[in-house]
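A look at the structure
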Amino acid sequence: MNEYIFYTLEGFTSPPREDKEVENCQLLGCVQGNNIDEARMNLEQRCPWIEECGFNIYEAFIQQLLTEESKQDIRTVIQYLWNNEYKNFQETDEPNDHIYHTLLRLRDLIS
């Protein structure tokens, strides 16, 4: 199952000095779902306050997060491909888009 974070530019935040208002992003919630639509539905069910406070969940920004399960899947693929690619890779012979560089970026992403 995927995990998603929902946030919006609507609204304000009260800082520690309550005589001010700060215009910034508002975190609406983090939920799981098989896709964005399911996650949105789960968020609406779990957090009815979002609509009650006047936020529009359909205008919210949504980002999928890397779960630990997803990271492990990436590790498995990297390990599977790494041994063969590392042996065959010659830094001077391969372009920057070679799979070796992709594997390095993915490895760095999950570390």
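Residues numbered from 1 in each chain as written. Predicted model: local features only at pLDDT ≥ 70, side-chain atom pairs only at ≥ 80, totals over all residues. Heavy atoms only, no water.

1. Considering the state of the cysteines
Simply put, disulfide is the name for a covalent bond between the sulfur atoms of two cysteines. Scanning all chains against the criterion turns up 0 disulfides. The thiol of Cys30 is not disulfide-bonded; the next cysteine sulfur, from Cys47, is found 9.7 Å away. On the accessibility criterion, Cys30 (39% relative accessible area) is partly exposed. (Disulfide = S-S within 2.5 Å. Buried < 20%, exposed > 50% of the residue type's maximum accessible area, 1.4 Å probe, protein only.)

2. Some details on the nonpolar core
The biggest cluster of nonpolar side chains holds 12 residues, and these are Tyr4, Phe6, Leu28, Val31, Ala39, Leu43, Cys47, Ile50, Phe55, Ile57, Ala60 and Ile62. Of all elements in the fold, only strand E1 (2–8), strand E2 (26–33) and helix H1 (36–46) reach the threshold of two or more residues within this core. Once residues lying within four places of it in the same chain are set aside, the contact partners of Val31 are Asn2, Glu3, Tyr4, Phe6, Ala39, Asn42, Leu43 and Arg46. Core analysis: the second largest hydrophobic core is formed by 7 residues, Ile78, Trp82, Leu103 and Leu104 among them. (Core = buried A, V, L, I, M, F, W, Y, C linked by side-chain atoms within 4.5 Å. Helix = DSSP H or I, 4+ residues; strand = E, 2+ residues; numbered from the N terminus. Contact = heavy atoms within 4.5 Å.)

3. Observations regarding the pattern of salt bridges
Inspection of the entire model under this criterion finds 2 salt bridges. A salt bridge links Asp37 to Arg40; the shortest N-O distance between them is 3.4 Å. Here the residue Asp37 and the residue Arg40 both occupy positions in helix H1, the gap between them amounting to 3 residues, near one helical turn. For Arg40, a relative accessible area of 12% gives the class buried. (Salt bridge = Lys/Arg side-chain N within 4 Å of Asp/Glu carboxyl O.)

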